[in-house]
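Observations on the model geometry
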Amino acid sequence: MQILLFARLRDVCNCATVTLDIDNPSPVAAIRTAMQGRFPGHADLFSDSYALVAVNQEMITDDNTLVSATDEIAFFPPVTGG
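First, a word on what this report is: a plain description of the structure on this page.

The rules behind these values
Residues numbered from 1 in each chain as written. Predicted model: local features only at pLDDT ≥ 70, side-chain atom pairs only at ≥ 80, totals over all residues. Heavy atoms only, no water. Helix = DSSP H or I, 4+ residues; strand = E, 2+ residues; numbered from the N terminus. Rg over C-alpha atoms; globule rule 2.2 N^0.38 Å. Buried < 20%, exposed > 50% of the residue type's maximum accessible area, 1.4 Å probe, protein only. Contact = heavy atoms within 4.5 Å. Areas by Shrake-Rupley, 256 points an atom, 1.4 Å probe, with all protein chains shown as cover. Lys, Arg positive; Asp, Glu negative; His and termini not counted. Charge placed at Lys NZ, Arg CZ, Asp CG, Glu CD. Pairing = 2+ DSSP bridges. Disulfide = S-S within 2.5 Å.

**Considering the overall build of the protein chain**
Helices and strands together make up the secondary structure of the protein chain, namely 2 helices and 7 strands. Its helices and strands taken in sequence order, the protein chain reads β-α-β-β-α-β-β-β-β from the N to the C terminus. Relative to a compact globule of 82 residues, whose C-alpha radius of gyration would be 12 Å, the protein chain shows 12 Å and is just as compact. Viewed in the frame of its principal axes, the protein chain has a C-alpha envelope of about 35 × 25 × 20 Å. Counting every position in the protein chain, which comprises 82 residues, the buried fraction comes to 35%. For the protein chain, contacts bridging at least 24 residues in sequence account for 53% of all contacts bridging at least 6. When the accessible surface of the protein chain is split by element, carbon and sulfur atoms take 50% of a total near 4,800 Å². Each charge class in the protein chain can be summarised by its mean position, and for the 4 positive and 10 negative side chains these summaries are 10 Å apart.

Right, here's the structure in full:
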């Protein structure tokens, strides 16, 4: 499964994409946990209280949402506008 990283997440992890080998389908919560394990020094950035998640370019609010290997998963920090 390909995971896209944006903004600060991309910068601190020093990559724009991450490939994960996870069960298909899996809940977003499992992907968060896998990302925290991949980047233990930045695990807090993948927490549900920080990172936003989009599945197929749609924001999700429930980490129990199931995703498959063919879905586009993106993590990004909260954004503000003005």
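Okay, back to it.
**So, the sheet that holds strand β2 (residues 17-19)**
The strand order across the open sheet built from 5 strands is β2-β1-β7-β4-β5, with neighbouring strands paired in mixed fashion. Strands at the two margins of the open sheet, each flanked by one partner only, are β2 and β5 (58-59). Across 4 bridges, strand β4 (residues 52-55) lies against strand β7 (residues 73-76) in antiparallel orientation. Across the sheet, V55 pairs through a bridge with I73, a residue of β7.

**Considering the state of the cysteines**
A complete count under the given rule lists 0 disulfides for this structure. As a non-bridged cysteine, C13 has C15 as the owner of its nearest cysteine sulfur, 5.6 Å distant. Looking at C13, the relative accessible area reads 9%, which means it is buried.

Coordinates in, geometry out; function isn't part of it.
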